[in-house]
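The primary structure of each chain is shown beneath.
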Amino acid sequence: MVGDDREGMLTATAVSQSATDPLSGLVLTDAPIPEVRPGWALVRIVATSLNMHDLWTLRGVGHAPEDLPRVLGCDAAGYDADGNPVVVYPIIASTDRGHGDETLDPQRALLSEKHDGAFAEYLAIPERNLIPKPADLSFDEAACLPVAWGTAYRMLFTLAQIRPGTRVLVQGAGGGVASAAIKLALAAGAEVYATSRSAEKLELAESWGARGVESGGRLPEKVDVVVETVGEATWSHSLKCLRPGGTVVIAGATSGMNPPADLGRIFYQQQRIFGSTGCTRTEFVDLLRMIAATGVRPVIDRTMPLDEIHKGFQLMTDGDLAGKVVIHPPAPEGA
Ligand SMILES: NC(=O)c1ccc[n+]([C@@H]2O[C@H](COP(=O)([O-])OP(=O)(O)OC[C@H]3O[C@@H](n4cnc5c(N)ncnc54)[C@H](OP(=O)(O)O)[C@@H]3O)[C@@H](O)[C@H]2O)c1
């Protein structure tokens, strides 16, 4: 509900980009409450969460400088103008241009790429992107799902087509996408191996039911599917751990984009490599249903107010997180 007469709101806005000091380009600033054009809706944000995507934008990767300043933030849960609890599907795109799959629309834009994002008190978004928040999911939990969990859902179920008993290796257990992939694959009855550089994160993954392996370590068997978001640091391990004919699904490359390709192994072992980005609205709705049906929940490392967002990103940069950082913008008086 827009229970607020003010015209301005607090935002975390990218104003400049730097490969070496990305957080210097993120400023806390007042901005007007967004105007809502026809077919769009206003959401009062209760919770949002951090993603590596925001850091890439601040580093100048995949985001043109002329698209600044831009309010960052790709995930949101809150209330629509009628007071209904909603979670935001984060991709603004056309299914027609994507031949039935909006993630394949060449003009698709993740929230914060071409339109102001969710590190704010209010967000303007196409009505199509509003999805009722499942009642048994908190706003904090819902705010973790759109990017990290939507991406993991598509990787596992649409692209790798895992089923009960599939052996899945997830690289970098502490990551937002990785922890989602571990929990979703386990909930689907897969046998899950998870790597991490940190003993605590391995313990955490083991507490969910995965088998922990230190980064680069030997697995007791080859796997059918690898979920990759780490990139350069784990790519060669991913290919080595994969059975002939197995599938690597890659959605990110936090540690670097250009590992040796190991082409001989790929063709000789007939390995399949799928790139994956985001998820469709339908996949996102299916994810919400799966979460309701299985009781699986996102891992929240911590919550913090919007004005402490730099601290959250520093923890992410340092790799000191296990799961998601949830951010709370200031609530309107009386909310
Ligand atoms: N294509 C898409 O739609 C999509 C969607 C979401 C994210 N992404 C991308 O996927 C990647 C992960 O995103 P995220 O939000 O899940 O990030 P995150 O929460 O920061 O996770 C990154 C994880 O990667 C591991 N890692 C980082 N550097 C490493 C290194 N040098 N060696 C080994 N492991 C390392 C860490 O795992 P441990 O600490 O456990 O070792 C870390 O927890 C990012 O590059 C992001 O841009 C893509």
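Everything quoted here is computed from the prediction, not taken from an experiment.

Caption draft 1: Summary view of the domain arrangement of the protein. Each assigned domain of the protein is listed here: domain 1 (8–144 + 298–328) and domain 2 (149–275). Here the C-alpha centre of domain 2 lies 26 Å away from the C-alpha centre of domain 1. Each partner contributes to the interface: domain 1 provides 12 residues, whereas domain 2 provides 12 residues. Carbon and sulfur atoms supply 61% of the area that domain 1 and domain 2 bury against each other, a total of about 920 Å² over both sides. On the domain 1 side of the contact with domain 2, Trp56, Pro298 and Val299 bury the most area, a combined 38% of that side's loss. Along the contact surface separating domain 1 from domain 2 lie 1 salt bridge. Of the charged contacts, one joins Arg154 and Asp101 as a salt bridge, the two residues approaching to 2.9 Å between their closest N and O atoms. Taken together, domain 1 and domain 2 are joined by 5 residue pairs in polar contact (both at pLDDT 80 or more).

Caption draft 2: Structural view of the site of the ligand. By nearness alone, 25 residues border the ligand, and Gly176, Ser196, Lys201, Ala251 and Gly278 come closest of all. In this structure, Ala251 approaches the ligand through a main-chain N or O atom, which is 2.8 Å from a nitrogen atom. In isolation the ligand has 910 Å² of accessible area, and contact with the protein removes 86% of it. For the shell around the ligand, the secondary-structure elements that each account for two or more residues are α1 (52–59), α3 (145–159) and α4 (176–187). Considered class by class, the residues forming the shell around the ligand number 10 nonpolar, 13 polar and 2 charged. Here the shell around the ligand spans two domains, and each of domain 1 (8–144 + 298–328) and domain 2 (149–275) adds at least three residues to it.

Caption draft 3: Layout of the packing of aromatic side chains. The final tally for this structure, using the stated rule, is 4 aromatic pairs. Between Phe119 and Phe313, the ring centres sit 6.0 Å apart and the planes meet at 70°, which makes this aromatic pair edge-to-face. Within this pair, whereas Phe119 is found in the loop between β8 (109–110) and β9 (122–126), its partner Phe313 is found in helix α9 (residues 309–317), the two being separated by 194 residues in sequence. By relative accessible area, Phe313 is classed as buried at 0%.

Caption draft 4: Broad picture of the environment of Arg108. Position of Arg108 among the secondary structure elements: in the loop between β7 (91–92) and β8. For Arg108, a relative accessible area of 35% corresponds to the partly exposed category. Residues Arg108 and Tyr153, 45 residues apart in the sequence, show an inter-C-alpha distance of 19 Å. Here Arg108 is in contact with Ile91, Ile92, Ala93, Glu102, Thr103, Glu113 and Thr277, once residues within four sequence places are set aside. Of the polar contacts made by the side chain of Arg108, one reaches the backbone oxygen of Thr103; its length is 2.8 Å.

Caption draft 5: Geometry of the nonpolar core. In terms of nonpolar packing, the biggest core is built from 53 residues, with Trp149, Ile162, Leu184 and Phe284 touching the most fellow members. For this core, the elements supplying multiple residues, two or more each, are α2 (139–142), α3, β11 (167–170), α4, β12 (191–196), β14 (223–228) and α8 (281–294). No other element matches α3, which puts 9 residues into this core. Built from parts of two domains, this core gets at least three residues from each of domain 1 (8–144 + 298–328) and domain 2 (149–275). Ranked by size, the runner-up nonpolar core spans 20 residues in total, among them Ala12, Leu55, Met316 and Ile327.

Caption draft 6: α8, seen in detail. Relative to the 20 Å expected for 14 residues at 1.5 Å per residue, α8 spans 20 Å between its end C-alpha atoms, a close match to the ideal helical length. Within the span of α8, buried status applies to Glu283, Phe284, Val285, Leu287, Leu288, Met290 and Ile291. Looking at the buried positions of α8, the neighbouring elements they touch are β6 (85–88), β10 (130–132), α3 and α4. The first or second residue beyond α8 is Gly295, which carries a positive phi of 80°.

What counts and how
Residues numbered from 1 in each chain as written. Predicted model: local features only at pLDDT ≥ 70, side-chain atom pairs only at ≥ 80, totals over all residues. Heavy atoms only, no water. Domains from an automatic or database assignment. Contact = heavy atoms within 4.5 Å. Buried area = accessible area lost by both parts, 1.4 Å probe. Salt bridge = Lys/Arg side-chain N within 4 Å of Asp/Glu carboxyl O. Polar contact = N/O pair within 3.5 Å; in protein donor to acceptor, adjacent residues only side chain to side chain. Near = heavy atom within 4 Å. Areas by Shrake-Rupley, 256 points an atom, 1.4 Å probe, with all protein chains shown as cover. Helix = DSSP H or I, 4+ residues; strand = E, 2+ residues; numbered from the N terminus. Nonpolar A, V, L, I, M, F, W, Y, C, P; charged D, E, K, R; others polar. Phe/Tyr/Trp six-rings, centres within 6.5 Å; stacked < 30°, edge-to-face > 60°. Buried < 20%, exposed > 50% of the residue type's maximum accessible area, 1.4 Å probe, protein only. Core = buried A, V, L, I, M, F, W, Y, C linked by side-chain atoms within 4.5 Å. Expected span 1.5 Å × (residues − 1).

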